[in-house]
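Descriptive analysis of the structure
As a plain string of letters, each chain reads:
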Amino acid sequence: MEHRMRRATRGRVAAIATVGLMLATGFVAGAAPVQAADTNLVVNGGFEDGLTNWFVNNGNAADGAQLSATSDAYAGANAALVTSRTTTGSGPMQDLSGKVQAGQAYTLTARIKYENASGPATKQFFATMHYGGGTYTNLVSVTATKGQWAQFSGTFTIPTTQSVSTARLFFETPWTSTPSADPALHLMDFKLDDVSVVGAAPPAPASKTIEVVGKLPGEHNPLIGHKFGADGFGFVHDGRVYMYLTNDTQGYAPNPSTGVSPGINYGDINQITVISSEDLVNWTDHGEIQVAGPNGVAPFTANSWAPGITKKVVNGVEKFFLYYANGGGSSNVITGTSPLGPWTSERTSTLINGSTPGAEDVAWKFDPAPFVDDDGQPYLYFGGGPASTSMPPAERFNNPKNIRAIELADSMVSTEGTAAVVDAPVAFEAGHVFKRQGKYYFSYSSHFGGNDFGGNQQPLPGYPGGGQIGYMISDDPMSWPKETYAGVLFPNQSQFFGAGTGGNNHQSVFEFGGRYYFTYHAPTLNKRINGNTTQGYRSPHIQELTFNPDGTIQQVVGTYAGVEQVRDFDPYRVFEAETFGWSKGVATTKVDGSSAQFGGAAPNLVVRDIDNGDWTALSSVNFGDDGAQRLTARVRALAAGGQVRVRLDDVDGPVVGTVAVDTPVGQWAEVTAELEGVSGVHDVYFTYAGPAGVDLLEIDNWAFQAATVDLPVTVTASTRCVGGKAYVAVQARNDHDAPVGITLETPYGERSFAAVAPGANAYQSFNSRAASVPAGSATVRVTGAVDGRDVTTVRTAQHPAGTCGG
Ligand SMILES: [Ca+2]
Ligand SMILES: [Ca+2]
Ligand SMILES: [Ca+2]
């Protein structure tokens, strides 16, 4: 195996490993036994599905090319054609992250052809792996003859020390720093076909499922117990509260044997988690937005921390703007057509960076929080981190002037004017603004002291301590002198949740149903998993925010109890199964297709990792006085013999219905269960049972059906003879406790009666105008109201044949 630094600026490593070289070193024999389990890790390597799974290498900003399908194939109907290459690395790429493994050997084959008339007679090509950052490794090489398909055929072994969390395979020509000096030699078009990388099957990803009950039944904090999420930003739209969260679960990697994860690494995070609720207790998991990174909505950013969202009508269209920190160095925004996307990037570079006027001195240009005023003027608050060393130490500590306010353009994706200093005392990060009764409230997180803030300084009287949420009140959203400081809004969360829950915080405030709510985070789920030795994985919390008559805020007390459920849950609709009040032992995953509840644009998730003994629950479900008669679920059986037991009020509560998941294994299907004794308001527990040690099923959505309600009525029909004619007589007695409408119908006529009193009869004898009638039936239609619901009951009454005379 040959390693050599090829390009200091990109930290590039060449590991050319032709079969010959591998054999010469004796490396293949031990490392790459060909096994029956070997798998081709490349998807659509023959391009018979067009360009599916392929894209142009974008590892460096200068990389670029056009990729198209061509019918000039080595095999089959299609190959790939790459043109307009801007660098030697500009070539077709496929992401093999999560598929290749360190220490494993793989066999790579591919066919390549170039034809440029002005090109050289022969040309070397590389198959190269980009392991993220500046690490590139040439895997296999071939020298092609112009106009002929050449074959890559070689083996490569990934070093045991190589991180493979990013592993992207691409095809290129040998590197030169100035390829445009001789494009015919360095930037020729080429065609690619029949790519395969064969080796050990991809490893099953280690489970991230949280096995403990992270949110205890009856409690409302943390908001969810099946995943983490930090820096929550609450946003209200159309009767729902959406929480946008830094995806702390992304880098969570519990050791399979100890269950303990390494500490959180913010650098791993390039997704934003979205959850929503209409009652503040039952939260729907909408999954993650892949915001940053090579496959992100904004691939020119690497991280997505501390989201902030707002909406605005731009050119007559309501749009949603999701701001986020691209690490500490810059901030950016992506645009959605709904709070759940889909998302696009209107920008090709970051929104807030070193060239933002007035922000040049801000150390960390992060934590962007948008605010749109009543007059439509949008603002963005951002910044934090170490104070300028040009300040005296005491000022660095007390008034670091590291946060900024700036106007946004009407487009919401660019700034206007110069950023103004927010002189928040002891400020560190997490600026946020809301407006109430004409006053603007700026809240933020304070710093923990240390050398970045002038060393061990004495805080000014009344200024916040370390890691607290302070706030200011101003009449002007761009003017925040230190005199507007109003106090500590929330002490450090460890004061309420104890050992292991200290550290940073990040808050927001939203108004919902006439009340104000305060969001913050605390590693409480992490604490329930690992005790007081937490690893920094944070969970979203909400408390109610109340105000004094003078507009100041009553300091918030953090509790596990959280906020009151603001309305009962409506079960009589299709709702996503990834909606939990509480849960145990389950996980969620995004699936193809749209949400049955939230519509075509919204992502859909399913509940997975459902084992015997796991459960999910909904808080305060209102079945009404007449109750539910049936539960329907969309499920995919993964094993025979799975069951969903529906219980009321407790995980061990009475079983009111059992869904037998007896549909074909592996296929999505609808299953139903009849319910008994389900009325009124209850917590509902879905408990899962079946063979141990296997995943039982996945669940997409639920729907309860209301019980059919009948109006009580006693109906009779008979025949009689009057004047030689046969009559059919129909009678219906109203047994309800209120008046009803009754219609009597026969083949010989019908009659309607309005407002038939309780206990009274509707009666009519219908003349058949014949001497006899055959046996038949009358229809009785009763309309009325039961518990405020309009109800129609239809009954039939049989009558015998009747003949006059004889
Ligand atoms: Ca092909
Ligand atoms: Ca499980
Ligand atoms: Ca679903």
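A brief structural summary. (Residues numbered from 1 in each chain as written. Chains lettered and ligands numbered in written order. Predicted model: local features only at pLDDT ≥ 70, side-chain atom pairs only at ≥ 80, totals over all residues. Heavy atoms only, no water.)

1. Describing the packing of aromatic side chains
By the definition in use, this model includes 43 aromatic pairs. Ring geometry for Phe 434 against Phe 547: centres 6.3 Å apart, planes inclined by 65°, an arrangement best described as edge-to-face. Placement of the pair is Phe 434 in strand β26 (residues 427-436) and Phe 547 in the loop between β32 (539-545) and β33 (574-576), with a sequence separation of 113 residues. Like Phe 547, Phe 434 is buried. Centroid distance Tyr 516 to Phe 547: 5.2 Å. Interplanar angle 75°. Geometry classified as edge-to-face. In this pair, Tyr 516 is assigned in strand β31 (residues 515-522) and Phe 547 in the loop between β32 and β33, connecting sequence segments 31 residues apart. Phe 547 matches Tyr 516 in its accessibility class, with the two residues each being buried. Through successive ring pairs, a cluster of aromatic residues spans Phe 569, Tyr 572, Phe 575, Phe 623, Phe 686, Trp 702 and Phe 704. It is Arg 436 that lies over the ring of Phe 547; its NZ or CZ is 3.8 Å from the centre. (Phe/Tyr/Trp six-rings, centres within 6.5 Å; stacked < 30°, edge-to-face > 60°. Helix = DSSP H or I, 4+ residues; strand = E, 2+ residues; numbered from the N terminus. Buried < 20%, exposed > 50% of the residue type's maximum accessible area, 1.4 Å probe, protein only. Lys NZ or Arg CZ within 6 Å of the ring centre and 35° of its normal.)

2. Observations concerning the sheet that holds β32
Strand order in the open sheet formed by 3 strands is β30-β31-β32, with antiparallel pairing between adjacent strands. Of all strands in the sheet, those bounded by a partner on one side alone are β30 (508-512) and β32. Neighbour-to-neighbour, the strand axes of the sheet open up by a mean angle of 30°, direction not taken into account. Direction of pairing for β31 relative to β32: antiparallel, over a ladder of 7 bridges. Bridge pairing in β32 links Ala 522 to Ser 539. (Pairing = 2+ DSSP bridges. Axes fitted to C-alpha atoms, helices over the stretch in contact; angles between N-to-C directions.)

3. So, the coordination of the calcium ion (ligand 3)
All of the protein donors around the calcium ion (ligand 3) are Glu 576 (OE), Glu 578 (OE), Glu 578 (OE), Asn 604 (OD1), Leu 605 (O), Asp 700 (O) and Asp 700 (OD); their distances to the metal are 2.1 to 2.6 Å. For the calcium ion (ligand 3), all donor residues lie on one chain, and their spacing in sequence is E-x1-E-x25-N-L-x94-D. Note that Asn 604 is positioned in strand β37 (residues 599-610) and Asp 700 in strand β44 (residues 697-706), a separation of 96 residues in sequence. For the pair Asn 604 and Asp 700, a shared accessibility class is recorded, and that class is buried. (Donors = N, O, S within 2.8 Å, 3.2 Å for Na, K, Ca; no water.)

4. Observations regarding the pattern of salt bridges
Note that side chains of opposite charge can pair when their charged atoms are close. Here the structure, examined in full by the defined rule, presents 24 salt bridges. Taking the shortest distance from any N to any O, the salt bridge between Lys 227 and Asp 285 comes out at 2.9 Å. Placement of Lys 227 in the loop between β13 (190-199) and β14 (230-237) and of Asp 285 in strand β17 (residues 283-290) is noted, with a sequence separation of 58 residues between them. Taken individually, Lys 227 and Asp 285 each receive the classification buried, so the pair is uniform in this respect. Sharing partners across several salt bridges, the network here consists of Asp 72, Lys 113, Glu 115 and Lys 191. (Salt bridge = Lys/Arg side-chain N within 4 Å of Asp/Glu carboxyl O.)

5. Focus on the environment of Pro 739
By secondary structure assignment, the location of Pro 739 is in the loop between β46 (725-734) and β47 (740-746). For Pro 739, a relative accessible area of 49% puts it in the partly exposed group. C-alpha separation for the pair Pro 739 and Ala 755, spaced 16 residues apart in sequence, amounts to 4.9 Å. Each residue touching Pro 739, except ones within four places of it in the same chain, is listed here: Asn 734, Ala 755, Val 756 and Pro 758. (Contact = heavy atoms within 4.5 Å.)

6. Here we look at unusual backbone geometry
That bond from Asn 221 to Pro 222 is cis: its omega, -10°, falls within 30 degrees of zero. Summarising the element assignment, Pro 222 is placed in the loop between β13 and β14. Gly 341 connects to Pro 342 through a cis peptide bond whose omega is 0°. Mapped onto the fold, Pro 342 is located in the loop between β20 (330-336) and β21 (343-344). Despite not being glycine, Asp 238 shows a phi value in the positive range, around 55°.

7. What about the coordination of the calcium ion (ligand 1)?
Coordination of the calcium ion (ligand 1) by the protein comes from Gly 46 (O), Glu 48 (OE), Ala 75 (O), Asn 78 (O), Asp 193 (OD) and Asp 193 (OD), over a distance range of 2.3 to 2.8 Å. One chain supplies every donor to the calcium ion (ligand 1), and in sequence these donors are spaced G-x1-E-x26-A-x2-N-x114-D. One end of the pair, Asn 78, is in the loop between β5 (66-70) and β6 (79-83); the other, Asp 193, is in strand β13, and 115 residues separate them in sequence. For the pair Asn 78 and Asp 193, a shared accessibility class is recorded, and that class is buried.

8. Brief notes about the nonpolar core
Ranked by internal contacts, the top residues of the largest apolar core, which has 37 residues, are Leu 108, Ile 112, Met 129, Phe 152, Leu 169, Phe 171 and Val 195. Those elements giving two or more residues to this core turn out to be β6, β8 (105-113), β9 (122-130), β10 (136-145), β11 (150-157), β12 (168-172) and β13. With 33 residues, the next largest nonpolar core counts Ala 577, Leu 618, Val 635 and Val 644 among its residues. (Core = buried A, V, L, I, M, F, W, Y, C linked by side-chain atoms within 4.5 Å.)

9. Focus: the environment of Glu 483
Its place among the elements puts Glu 483 in the loop between β28 (469-474) and β29 (485-490). For Glu 483, a relative accessible area of 61% puts it in the exposed group. Taking the C-alpha atoms as reference points, Glu 483 and Met 472, 11 residues apart in sequence, are found 8.4 Å from one another.

10. Some details on the pairing of β31
Across the 8 residues of β31, 7 count as buried, placing the element largely inside the fold. Relative to β31, β30 runs antiparallel, the two sharing 5 bridges. In the strand pairing of β31, Glu 511 is matched with Tyr 516. Between β30 and β31, which follow one another and run antiparallel, lie 2 residues, and Gly 513 among them has a positive phi close to 60°.

11. Description of the state of the cysteines
Taken as a whole and judged by the stated rule, the model has 1 disulfide. Each disulfide pairs two cysteine sulfurs, and for Cys 721 the partner residue is Cys 804, the sulfurs being separated by 1.9 Å. Given an S-S torsion of about 130°, the disulfide between Cys 721 and Cys 804 has right-handed geometry. Taken together, the residues span a long stretch of sequence, with Cys 721 in strand β45 (residues 713-722) and Cys 804 in the segment after β53 (802-803) at a distance of 83 residues. A residue is classified by how much of its surface remains accessible, and Cys 804, at 13% relative accessible area, is buried. (Disulfide = S-S within 2.5 Å.)

12. A word on the side chain of Thr 663
Along the chain, Thr 663 turns up in the loop between β41 (655-661) and β42 (668-678). Classification of Thr 663 by relative accessible area gives buried; the value is 15%. Apart from the residues within four sequence positions on either side, Thr 663 is in contact with Val 635, Ala 637, Ala 669, Glu 670 and Val 671.

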